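So you can see what is in the structure, the chains are spelled out below.
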Amino acid sequence: MKKTNFPERCKAEYKRSLNHNYMVIRKPDRLDEDYQYSMVVQNDINGLLPMEERISEGTEYIYYEISSMQPIGRIYEHRELDSVTLETTIRGILKACRETEDYMIDFSRLIMDPTCIFMSLDDGSIRLMFSPEENNDEGSLINVAEFFLERISRTDAQAALMAYRFYQTVRKENYVISDIERVLDECRKERKDIVTEEYHTMVTNTERIPPVPAERFLTPMGGNVQRGGKNPETSDRDEHFRGKSEKRFLPESRLNDNEQETVSAGTDDRSGIPLWIPAILATGALAALAGIIPGIGDSGSVKLAAAVILIASTGIMVRSIISRVRNKKNMVSPVEEKDETVNRKKNREDRFDGLSSKRDCIEHPASDVKSSMDFDKFFSDLQERPLPDVTDDSGKTIFVEPDSDGIRNVLVDRKRGKEYEIDHFPFTIGKLQGTADLILSDRSVSRLHAGLIEENGHVYLQDYNSTNGTFINGVQLMGEERVMLSAEDEVSIGKVCLEYR
């Protein structure tokens, strides 16, 4: 027999008033004598859903405000939880419990059920429900622990360890909140130790990566060059020297147009003098020595100066030509650079594959879990929960035969010319990335707006207390109301119109 949760047992209704959404239950008798209930109603306690009393047609009701919030049972319905998300959620629940202690609220009066633990979609804070019943059957965290165990990521060893320890802790009698906090602190410390160990392993394994020859990045200068009191061989190299050296050895395809023009024109790499200047000086000095220019060359001092200019200019040109030939040999071609990039990527993949394997095989002696086989044995006792098929079928076109009643389980947006396949249930519609299955980027759509649920072979549309409402053929659904869909029904999610086929 299926166990009913608190909303079903209390026959909760959902109402909307302007921008506020409420869960409404009938007020039990003789509740005014309950001190804790009076404390919650008269005070806005952080960590609890705000409560207020209202009278309608002579009957007293309790209104829980759930605006901009959704139960974690819906948010994590078919998501795999990693260690960070799991720890954040558990700590949020514990924080909400801590905030009720100042008002002397018994822990047993808090409804610890995934359908009644609400998370704000604005800031991720957790709000709990206070039970008006003194004998609360949902006051244990075991239901929450089992819910997390069924949804943790099986590839995240830390998430499995944390969920298992959390479950083992809440199963003990007379546990307190500090016991759970200590478990979370231990798991966080172990996670930090693993990250630190992976970092040191990664640094050690960098020796597997072939070093890049320095001559491919630095110009062979043939001696120490002092500039501004700094040695270019030290770590604080001259920026001008380094910039020119790195640019010269890059492939031309990676230089911009101005840099390519400078390289093709040819310069003396050390002095920055264009080659045409020493060429002109050498030509003029040679003409002066040969007596070609009238009136120049008769004086001995002039001939000596011309000879010096000729020798210096010739030396500059020869050195520039040699440097350009050497640079051309050392230049990295695009093909070589691509091959080297592939090799580096392969080395990184091999290294991190080893780290991932090591992470999966880590033993935790401080816990009751000694190996991954313990997890497998424990998970085998839990009910398997089918996850949605996330296979990427983009680019493929397949023919889908309609059912016998002509329904293909698709939503068609005729205005945008799109068709959305409903391939699993529950199927969530909204604009919250990572949670909603169908993302509708429209301002009128709530983050978790509505959902499709399958029961007894029929598909039902349910409103998730949306701000702008959900409509079927123009008729608005009440909050959390379910209505069975038929072929060609018009579904309005806010202002987005879809047709069910």
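Relevant structure appears above.
Residues numbered from 1 in each chain as written. Predicted model: local features only at pLDDT ≥ 70, side-chain atom pairs only at ≥ 80, totals over all residues. Heavy atoms only, no water.

Caption draft 1: Local environment of the overall build of the protein chain. The secondary structure content of the protein chain amounts to 13 helices and 20 strands. The contacts in the protein chain between residues at least 6 apart in sequence include a share of 62% that link residues at least 24 apart. Counting only carbon and sulfur atoms, one obtains 50% of the accessible surface of the protein chain, whose full area is about 30,100 Å². (Helix = DSSP H or I, 4+ residues; strand = E, 2+ residues; numbered from the N terminus. Contact = heavy atoms within 4.5 Å. Areas by Shrake-Rupley, 256 points an atom, 1.4 Å probe, with all protein chains shown as cover.)

Caption draft 2: Molecular detail of helix α2 (residues 35–42). Every buried residue of α2 is accounted for by Gln-36, Tyr-37, Met-39 and Val-40. Projection of α2 onto a plane perpendicular to its axis shows the buried side chains occupying an angular sector of 160°, all on one side. Contact partners of the buried residues in α2: β3 (51–56), β4 (59–65) and β9 (129–130). Sitting at the amino-terminal end of α2 is Asp-34, which places a side-chain oxygen 3.1 Å from the backbone nitrogen of Gln-36. (Buried < 20%, exposed > 50% of the residue type's maximum accessible area, 1.4 Å probe, protein only. Arc of directions from axis to C-beta. Polar contact = N/O pair within 3.5 Å; in protein donor to acceptor, adjacent residues only side chain to side chain.)

Caption draft 3: Molecular detail of the sheet that holds strand β7 (residues 118–120). Pairing is antiparallel across the open sheet formed by 3 strands, whose spatial order is β5-β7-β8. In this open sheet, the two edge strands, each paired with only one partner strand, are β5 (69–71) and β8 (126–127). As paired strands, β5 and β7 are joined by 3 bridges and run antiparallel to one another. From the neighbouring strand, Pro-71 faces β7, where its bridge partner is Phe-118. (Pairing = 2+ DSSP bridges.)

Caption draft 4: Representation of the packing of aromatic side chains. As enumerated under the stated definition, the model contains 3 aromatic pairs in all. With 6.3 Å between their ring centres and 45° between their planes, Phe-148 and Phe-166 make a pair best called tilted. Separated by 18 residues along the polypeptide, Phe-148 in helix α5 (residues 142–149) and Phe-166 in helix α6 (residues 157–170) bring together distant segments of the chain. Comparing Phe-148 with Phe-166, the two get one shared label, buried. (Phe/Tyr/Trp six-rings, centres within 6.5 Å; stacked < 30°, edge-to-face > 60°.)

Caption draft 5: Region of the structure containing the side chain of Asp-463. Mapped onto the fold, Asp-463 is located in strand β15 (residues 458–463). Within the structure, the side chain of Asp-463 is placed 3.3 Å from the side chain of Arg-16, a separation counted as a polar contact. Within polar-contact distance, the side chain of Asp-463 engages the backbone nitrogen of Asn-465 at 3.0 Å. Those residues within four positions of Asp-463 in sequence are excluded, and the remaining contacts are Arg-16, His-449, Ala-450, Gly-469, Thr-470, Leu-477, Met-478, Gly-479, Glu-480 and Glu-481.

Caption draft 6: Quick look at the state of the cysteines. All told, the structure shown has 0 disulfides when counted by the stated rule. Free cysteine Cys-116: the closest other cysteine sulfur is in Cys-10, separated by 8.6 Å. (Disulfide = S-S within 2.5 Å.)

Caption draft 7: Up close: the pairing of strand β1 (residues 13–17). Bridge analysis of β1 against strand β2 (residues 20–26) gives 5 bridges, and the strand direction is antiparallel. Bridge pairing links Arg-16 to Asn-21 in β2. The hairpin turn running from β1 into β2, its antiparallel successor, is 2 residues long, and Leu-18 in that turn takes a positive phi close to 55°.

Caption draft 8: Molecular detail of α6. A rise of 1.5 Å per residue sets the reference length of α6, with its 14 residues, at 20 Å; its end C-alpha atoms lie 20 Å apart and thus fit the reference within 8%. Burial of α6 is extensive: 12 of the 14 residues sit out of reach of the surface. Here α6 has its buried residues at Gln-158, Ala-159, Ala-160, Leu-161, Met-162, Ala-163, Tyr-164, Arg-165, Phe-166, Tyr-167, Thr-169 and Val-170. Between a side-chain oxygen at the N-terminus of α6 and the backbone nitrogen of Gln-158 the separation is 3.1 Å; the capping residue is Asp-156. (Expected span 1.5 Å × (residues − 1).)

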